[in-house]
Amino acid sequence: MNYAALCKSAPTPFWVYDASIIRNRCAELVRAFADHNVKLYYAVKANDHPAIVALAASAGIGACLVSQGEFERAQAGGVQPGAMLMNGVGKSRDEIAFVLANGIGQLNAESLAELETIAAAAEELNTRARIGVRINPEITANTHDHTTVARRTDKFGLLIEDLPAVRAIVAKHPALDWRGFSCHIGSQIHGVAELAASYRSMAELFRAERKTQPQFDRLDLGGGFGVSYSGERYARPDEYPKLIAEVTGDLQKDGVTIQLEPGRFIVAEAGALVTSVLRVKDSGGAPASDGSPSAGTRFVIVDAAMNNLIRPTLYDAYHPIALARESAAHYVPCTIAGPVCESADVFARQRELPEDVAAGDILVIGFAGAYGATMSSMYNARDRLAEVLVDGKKATLIRRVMTAKELDEITLASDVITRSADD
Ligand SMILES: *Cc1c(COP(=O)(O)O)cnc(C)c1O
């Protein structure tokens, strides 16, 4: 990608996505499961820009959502409501009614109370809600603490011991069209083996329940396919079908669709956060090129910050960071930091960059297409960044910057909303 040319048309910092990489990742997934009874749903929370969702949709991939806002963005991206499913422990009654009224394909319920709410909303709309029951299989994968979601103490899903109560609620409400189970055990999972235990236990649970629920026709095994941020090995999509066939082949033959919800895998690699160096500061002396600890710290201060890309702060995530121009200088360890007033506003420490990196240089923070823009905030009254989609030679501004001032224009309202707030 020609970052110098892009930076002439767009001031840094900004997000850029490469459409061809997203198409390739989608094609890789579709090809891997072509001979299987498997349906793919892109977890749009990874990157919910309608233009990005549209790339997955044109590969025939549906959408996995957690809010009404995501429903609307997926719809803007061309996904039919029937090809959408919705997760989330806190779907509001209004959201549930909205997606049901708009024909969503499936709601995955995560609590007994939510089942009652879905039933009430569906009854009111005089419709039936196709539901999956999300199970917490209490099986974890080896991932970061914050991306592990299936310990007994995690908030997601229902425990297997809740099933009698689930059956009772479903039996009481004809508006609940219970079609199967769902699960999702975590994100950024390394290998197929880590998923085997949860897939196996979900398939067993499904088989057992189907004996009394003959309408069961779908088993949602979630997302979590990992991405190689720093060159380590992660399973590729074509390694998954073997396990899925081994664990669910009998079900697939029997007409059961296996559903998968990949998010990160589709978009992570395709995106970058492009940022300029504001200044270089050596604290405690210049760094030694052998990285010896007695030397000082070189801070490379850039114009992007943790409010734009929070993954390094939140998950200790690694992102490749490269200088956009050629340099023959030798490399020295640097701490790449943003302007936000938090010591955690650091993209990387002890990261090797050419010694001649200077103010005005462009750095490219790679693998930032997933959980980048979608997780950003306007902390420190900083901009919500512009997004650019590159497709071949053409670069399109798909979202312009939003400044704190623009936010103020819509939020500096002075309407009195109650006179009894102090009771
Ligand atoms: C976040 C999430 C996904 C996608 O996870 P990735 O790691 O991005 O593949 C899928 N399903 C559910 C329920 C999720 O919460």
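Please read these numbers as outputs of a predicted model, since none were measured by experiment. (Residues numbered from 1 in each chain as written. Predicted model: local features only at pLDDT ≥ 70, side-chain atom pairs only at ≥ 80, totals over all residues. Heavy atoms only, no water.)

1. Side note on helix 4 (residues 68–76)
Quick note on the threshold: Residue burial is assigned from relative accessible area. The probe radius is 1.4 Å, only protein chains are included, and a residue is buried under 20% of its type maximum, exposed over 50%, and partly exposed in between. A run of H or I in DSSP counts as a helix once it spans at least four residues, and a run of E counts as a strand once it spans at least two, with each numbered from the N terminus. Here, the arc refers to the directions that run from the helix axis to the C-beta atoms. Note on contacts: a residue pair qualifies if any of its non-hydrogen atoms lie within 4.5 Å across the two residues. The term polar contact refers here to a pair of N or O atoms within 3.5 Å; inside protein, the definition further demands a hydrogen-donor-capable atom paired with an acceptor-capable atom, and it admits residues adjacent in sequence only when both atoms are side-chain atoms.
Burial in helix 4 covers these residues: Glu70, Phe71 and Ala74. Projected down its long axis, helix 4 shows its buried positions confined to an angular sector of 105 degrees, all on one face. At its buried positions, helix 4 is contacted by helix 3 (50–57), strand 3 (62–65), strand 4 (84–86) and helix 5 (93–101). Looking at where helix 4 begins, the residue whose side-chain oxygen comes 3.4 Å from the main-chain nitrogen of Gly69 is Ser67. Two residues or fewer past helix 4, Gly78 is found with a positive phi of approximately 95 degrees.

2. Remarks on the packing of helix 5 against helix 6 (residues 112–125)
Note the threshold: Between the N-to-C directions of two axes lies an angle of 0 to 180 degrees, each axis being a line fitted to C-alpha atoms and, for a helix, fitted only over the stretch in contact. Should an angle fall under 35 degrees it is called roughly parallel, over 145 degrees roughly antiparallel, and 65 to 115 degrees roughly perpendicular, with every other angle called oblique. Left-handed describes a crossing whose near helix is turned anticlockwise from the far helix through less than a right angle; right-handed describes the clockwise counterpart.
For the pair helix 5 and helix 6, the least separation of the axes is 9 Å and the interaxial angle reads 50 degrees. Between helix 5 and helix 6, the angle falls in the class oblique. Helix-helix and strand crossings are classified by hand; for helix 5 and helix 6 the assignment is right-handed. Facing Arg93, Ile96, Ala97, Leu100 and Ala101 of helix 5, the residues of helix 6 in contact are Glu114, Thr117, Ile118, Ala120, Ala121, Ala122, Glu124 and Leu125.

3. Notes on the sheet that holds strand 5 (residues 106–109)
Our working rule: Any two strands between which DSSP finds at least two bridges are classified as paired.
With parallel pairing, eight strands are arranged side by side around a closed barrel as 2-3-4-5-6-7-8-9. Adjacent strand axes in the sheet meet at a mean angle of 30 degrees, parallel and antiparallel pairs treated alike. Strands strand 4, strand 5 and strand 6 (129–134) of the sheet are contacted by helix 5, whose axis makes an angle of about 150 degrees with strand 5. Here helix 9 (residues 240–253) sits on the sheet and contacts strand 2 (38–43), strand 8 (218–220) and strand 9 (257–260); the angle it forms with strand 9, its principal contact strand, is near 140 degrees.

4. Overview of the pattern of salt bridges
Put simply, the rule reads: What counts as a salt bridge is simple: a side-chain nitrogen of Lys or Arg found within 4 Å of a carboxyl oxygen of Asp or Glu.
Counting across every chain of the model gives 25 salt bridges. Ionic pairing is found between Asp361 and Arg325, a salt bridge with its closest N-O pair at 2.7 Å. On the criterion of sequence distance, the pair formed by Asp361 in the loop between strand 14 (346–354) and strand 15 (362–365) and Arg325 in the loop between strand 12 (321–323) and strand 13 (331–337) is long-range, its members being 36 residues apart. Arg325 sits in the partly exposed class, given a relative accessible area of 34%. Where salt bridges share partners, they join Arg25, Glu28, Arg236 and Glu269 into one cluster.

5. Let's talk about the side chain of Glu95
Mapped onto the secondary structure, Glu95 falls in helix 5. A distance of 2.9 Å separates the side chain of Glu95 from the backbone nitrogen of Gln68, its partner in a polar contact. Here Ser92 takes part through its backbone nitrogen, which lies 3.0 Å from a polar atom of the side chain of Glu95. Glu95 has contacts with Ser67, Gln68, Met86 and Gly90, leaving out every residue within four places of it along the chain.

6. Quick notes on the site of the ligand
Rules: It suffices for a single heavy atom of a residue to lie within 4 Å of a molecule or strand for the residue to be listed as near it. For every accessible area listed, the method is Shrake-Rupley and the probe measures 1.4 Å; residues are considered covered only by the protein chains on display. Gly falls in the polar group here, along with every residue not listed as nonpolar (Ala, Val, Leu, Ile, Met, Phe, Trp, Tyr, Cys, Pro) or charged (Asp, Glu, Lys, Arg).
Near the ligand, the surroundings consist of 13 residues, among which Lys45, Ser187, Glu261, Arg264 and Tyr371 are the closest. One of the side-chain N or O atoms of Glu261 is found 2.5 Å from a nitrogen atom in the ligand. Contact distances for the ligand include 2.9 Å between an oxygen atom and a backbone N or O atom of Gly263. Within the complex, the protein chains bury 93% of what would otherwise be the 390 Å² of accessible surface of the ligand. Of the residues belonging to the shell around the ligand, the class tally is three nonpolar, six polar and four charged.

7. Remarks on the nonpolar core
Generally speaking, a soluble globular protein has its nonpolar side chains buried in company with each other. For clarity, the cut-off: Among buried residues, the Ala, Val, Leu, Ile, Met, Phe, Trp, Tyr and Cys ones that are joined through side-chain atoms within 4.5 Å form a nonpolar core.
The biggest cluster of nonpolar side chains holds 106 residues, and the ones touching the most others in it are Phe33, Tyr42, Phe181, Tyr199 and Leu219. Here this core takes eight residues from helix 8 (residues 192–210), the largest share from any one element. Apart from the residues within four sequence positions on either side, Phe181 is in contact with Val133, Ile135, Leu163, Met202, Leu205, Phe206, Glu209, Phe216, Arg218, Leu219 and Asp220.

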